[in-house]
Amino acid sequence: MIRTVATKPFDDQKPGTSGLRKKVPVFQQPHYVENFVQSIFDALDGFKGKTLVLGGDGRFYNREVIQTVLAIAAANGFGKVMVGQGGILSTPAASNVIRKYKAFGGIILSASHNPGGPHEDFGIKYNAENGGPAPEKITDAIFAKSKAIKEFRIADGVEVDIDKLGTVKVEGMSVEVIDPVKDYAELMESLFDFDALRALFKSGFRMAFDSMHAVTGPYGKEILENRLGAPKGTCRNYHPLPDFGGHHPDPNLVHAKKLYDDVMSAAGPDFGAASDGDGDRNMIVGKGMFVTPSDSLAVIAANAKLAPGYAKGISGVARSMPTSAAADRVAEKLGIGCYETPTGWKFFGNLLDAGKVTLCGEESFGTGSSHVREKDGLWAVLFWLAIVAARGESVKDIVTKHWAAYGRNYYSRYDYEEVESEKASALMKDLGAKLGSLPGTKVRGLTVEKADDFSYHDPVDGSVSEHQGIRVMFAGGSRVVFRLSGTGTSGATLRVYMERYEADPAKHGIDTQEALADLIAAADDIAGIHSHTGRPKPSVIT
Ligand code: VG1
Ligand code: CO
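These numbers were taken from a predicted model, which means no experiment stands behind them.

1. Things to note about the coordination of the cobalt ion (ligand 2)
Line of reasoning, step 1. Every protein donor of the cobalt ion (ligand 2) is listed here as S112 (OG), D276 (OD), D278 (OD) and D280 (OD), and their distances to the metal cover 2.0 to 2.1 Å.
Line of reasoning, step 2. Sequence spacing of the donor residues for the cobalt ion (ligand 2), all on one chain, is S-x163-D-x1-D-x1-D. Residue S112 is located in the loop between β5 (105–109) and β6 (121–127), and its partner D280 is located in the loop between β12 (271–275) and β13 (282–286); the two are separated by 168 residues in the primary sequence.
Line of reasoning, step 3. The class of S112 is buried, set by a relative accessible area of 2%.
Line of reasoning, step 4. Using a relative accessible area of 2% as the deciding quantity, one classes D280 as buried.

2. A look at the nonpolar core
Line of reasoning, step 1. M188, F192, M207, F271, W379, W384 and L385 are the most contacted members of the largest nonpolar core, which has 70 residues in total.
Line of reasoning, step 2. At 11 residues, helix α13 (residues 377–391) tops the list of elements feeding residues into this core.
Line of reasoning, step 3. With 46 residues, the next largest nonpolar core counts Y61, F122, A134 and I162 among its residues.

3. Quick look at the side chain of D210
Line of reasoning, step 1. Tracing the sequence through the fold places D210 in strand β10 (residues 207–210).
Line of reasoning, step 2. Despite its burial, D210 pairs with no opposite charge, the nearest such side chain being R236 at 5.7 Å.
Line of reasoning, step 3. Side chain to side chain, D210 and N237 meet in a polar contact 3.0 Å long.
Line of reasoning, step 4. Those residues in contact with D210 that sit more than four places away from it in its chain are R236, N237, L259, A273, A274 and S275.

4. Notes on the pattern of salt bridges
When charged atoms on two side chains of opposite charge get close, those side chains can pair.
Line of reasoning, step 1. Taken as a whole, this structure holds 35 salt bridges when the rule is applied.
Line of reasoning, step 2. Residue D276 pairs with R281 through a salt bridge whose shortest N-O separation is 3.8 Å. There is no split in this pair, since D276 and R281 are both buried.
Line of reasoning, step 3. Residue R319 is joined to D328 by a salt bridge in which the shortest nitrogen-to-oxygen separation is 2.7 Å.
Line of reasoning, step 4. For R319, a relative accessible area of 5% corresponds to the buried category.
Line of reasoning, step 5. The exposure class of D328 is partly exposed, given its relative accessible area of 22%.
Line of reasoning, step 6. Where salt bridges share partners, they join R319, D328, E340, D452, R471, R479 and E499 into one cluster.

5. Focus: the environment of M321
Line of reasoning, step 1. Secondary-structure assignment places M321 in the loop between β15 (316–320) and α11 (326–334).
Line of reasoning, step 2. On the accessibility criterion, M321 (0% relative accessible area) is buried.
Line of reasoning, step 3. Remark: the alpha-carbon pair of M321 and A475, spanning 154 residues in sequence, is separated by 18 Å.
Line of reasoning, step 4. Not counting residues up to four positions away in its chain, the partners in contact with M321 are E340, T341, F454, Q468, G469, R471, R479 and V481.

6. Comments concerning the pairing of strand β4 (residues 80–88)
Consecutive side chains along a regular strand alternate between the two faces of the sheet.
Line of reasoning, step 1. Of all nine residues making up β4, seven are buried, and the element is well covered by its neighbours.
Line of reasoning, step 2. As judged from the five bridges shared by strand β3 (residues 51–56) and β4, these two strands associate in the parallel manner. Across the sheet, L52 pairs through a bridge with V81, a residue of β4.
Line of reasoning, step 3. Each parallel crossover has a hand, and the one from β3 via helix α3 (residues 62–75) to β4 is right-handed.

7. As for the site of ligand 1
Line of reasoning, step 1. Inspection of the region around ligand 1 gives 20 residues, with T17, S112, S364, T487 and R495 positioned closest.
Line of reasoning, step 2. Side-chain polar atom of H113 to an oxygen atom of ligand 1: 2.9 Å apart, as the coordinates give it.
Line of reasoning, step 3. A distance of 3.1 Å separates an oxygen atom of ligand 1 from a polar side-chain atom of D276.
Line of reasoning, step 4. Residue classes in the shell around ligand 1 are distributed as no nonpolar, 10 polar and 10 charged.

8. As for the sheet that holds strand β18 (residues 366–369)
Line of reasoning, step 1. One open sheet accounts for four strands, arranged β16-β15-β17-β18; its pairing is mixed. Since the sheet does not close on itself, it has two edges, and those belong to β16 (337–341) and β18, each with one partner. Going from strand to strand, the sheet's axes swing by 15° on average, the running direction of each strand aside.
Line of reasoning, step 2. Inspection of the sheet shows β15 paired to β16 by five bridges, in the parallel sense. Paired with A318 across the strands is Y339, a residue of β16.
Line of reasoning, step 3. Lying on the sheet, helix α10 (residues 293–303) is in contact with β15, β17 (359–362) and β18; it crosses β17 at an angle near 165°.

9. Topic: the packing of aromatic side chains
Line of reasoning, step 1. Per the counting criterion, the structure on display carries 19 aromatic pairs.
Line of reasoning, step 2. Geometrically, the ring pair formed by Y310 and F383 is tilted, given 5.1 Å between the ring centres and 35° between the ring planes. Of this pair, Y310 sits in the loop between α10 and β15 while F383 sits in helix α13; the two residues are 73 residues apart in sequence, bridging distant segments of the chain.
Line of reasoning, step 3. Within the aromatic cluster, the residues linked to one another by ring pairs are F10, F27, Y32, Y61 and F122.

10. Quick word on the packing of α10 against α11
Line of reasoning, step 1. Viewed as axis vectors pointing N to C, α10 and α11 meet at an angle of 15°, and their least axial separation amounts to 7 Å. What the angle tells us is that α10 and α11 run roughly parallel. As for how α10 packs across α11, the hand of that crossing is left-handed. Taking contact as the criterion, the partners of S294, D295, L297, A298, A301 and A302 in α10 are, on α11, A326, A327, V330 and L334.
Line of reasoning, step 2. Among the residues forming the contact of α10 with α11, the class breakdown is eight nonpolar, one polar and one charged.

Basis of the calculations
Residues numbered from 1 in each chain as written. Chains lettered and ligands numbered in written order. Predicted model: local features only at pLDDT ≥ 70, side-chain atom pairs only at ≥ 80, totals over all residues. Heavy atoms only, no water. Donors = N, O, S within 2.8 Å, 3.2 Å for Na, K, Ca; no water. Helix = DSSP H or I, 4+ residues; strand = E, 2+ residues; numbered from the N terminus. Buried < 20%, exposed > 50% of the residue type's maximum accessible area, 1.4 Å probe, protein only. Core = buried A, V, L, I, M, F, W, Y, C linked by side-chain atoms within 4.5 Å. Lys, Arg positive; Asp, Glu negative; His and termini not counted. Salt bridge = Lys/Arg side-chain N within 4 Å of Asp/Glu carboxyl O. Polar contact = N/O pair within 3.5 Å; in protein donor to acceptor, adjacent residues only side chain to side chain. Contact = heavy atoms within 4.5 Å. Pairing = 2+ DSSP bridges. Right-handed = clockwise from strand over helix to strand, strands pointing away. Near = heavy atom within 4 Å. Nonpolar A, V, L, I, M, F, W, Y, C, P; charged D, E, K, R; others polar. Axes fitted to C-alpha atoms, helices over the stretch in contact; angles between N-to-C directions. Phe/Tyr/Trp six-rings, centres within 6.5 Å; stacked < 30°, edge-to-face > 60°. Parallel < 35°, antiparallel > 145°, perpendicular 65-115°, else oblique. Left-handed = near helix turned anticlockwise from the far one by under 90°.

Structural data, given as structure tokens:
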């Protein structure tokens, strides 16, 4: 039976950088999930009889919310929902399913790299028919609906067996439980030369892939071990767990330290990679070489033709504003377009749809291409394997030669997590107020050339997104960027990004923190991080 239930709005359902993210107890409040899902549908038009894709990263509360979304989708008139078996679909796999089966859109349940569990994080995100995160126009409309909602429609007593493949009916709507891995694995096979990758593993090349007890476990097992013949044991922590084993499923030098240490040890594997909670991030480590995500985008762009799916070349590259300019130099040399967007994958969608770019990347361990409309962790890993196989060189040699050819962009990000929101806002406000007076001043021996609050003019649809981060540019090309995170769930997270370009290969072997020391000090001098937040040190350095 379908019921219409009276409800009252919540005032905090504003989607952030990547959907709505809150602590599980917030989502567990009566009507909280129902309101948000109904608000998504209320903001959309023309989905009656159409298909919705549904899946998540398997974290705590995933299975319950899957049933709720099914019940609301049935009551709102969707014709069909394709749901990943066990409620599982990695973010890039969901994007692929939406595109491949020409669905109306999809709902992805994930809080990505944030921890999971009864007191940790959960998230809901809507993706449009291009397979990409809803653009701001839609997320703004969802928020507006959520503030005015008076009722939601729901089918009673829905309890679909999501572990069993096949199709069942719910109030006239079909629910098809699909294999979450198959379509994705086929897509990867269409882009990369699997024979060449099999030969790489046959030759004795050893890698470790850490799924961090999150969603890429089954994808990594199937693709790396089953299809590519990597030895058993290549995949680590491949059982998705609702609490990710109590860890942060965040592939970086802090949370994937063990993998990093293993690869760096003499007896360890040649290559290491990790992915995050929902499978869209990647970390790449070669022996003796951690690859920064910004460099990764640049190296993939420079070597793209080595993968069959990109043999014809790439049309352009896009990177988020805080991402280093390493890829810009490659684009310049290739004579292709280069775009700088605000943080968050939703800003790449238009550029990809219009064919202006083939590759996109973010400094936050995100890389992707036009094959889907999300960043894609395992895809990036396969791309690196393809480059290593084709060039017959180590990751370290590939990166070192890249720097010699293009110069090196030293890069680091400092995160100050769980800062009191008022203090973080005050810091940004004070900084914004003095932007006009900064140019020409000297800080720690650096001369400020330009300072602004980044706003993006979308070249495809003309939309404008303001206040996307404060940039302080110095003479010589170095810069510091300040912005507040849009994915955190408690207090505010201040992110500070530092970058320095170095053309001289003789100076490419410096420790990153040392190479950026003056910029790090200048960032504090300019923004008063310590005095505003009371934090002498960041919580995480990547
Ligand atoms: C962070 C990253 C951003 C990324 C976003 C979603 O956002 O900085 O680059 O797109 O997470 O990634 P923020 O607003 O906290 O800086 V994921 O893998 O969490 O979906
Ligand atoms: Co993610």
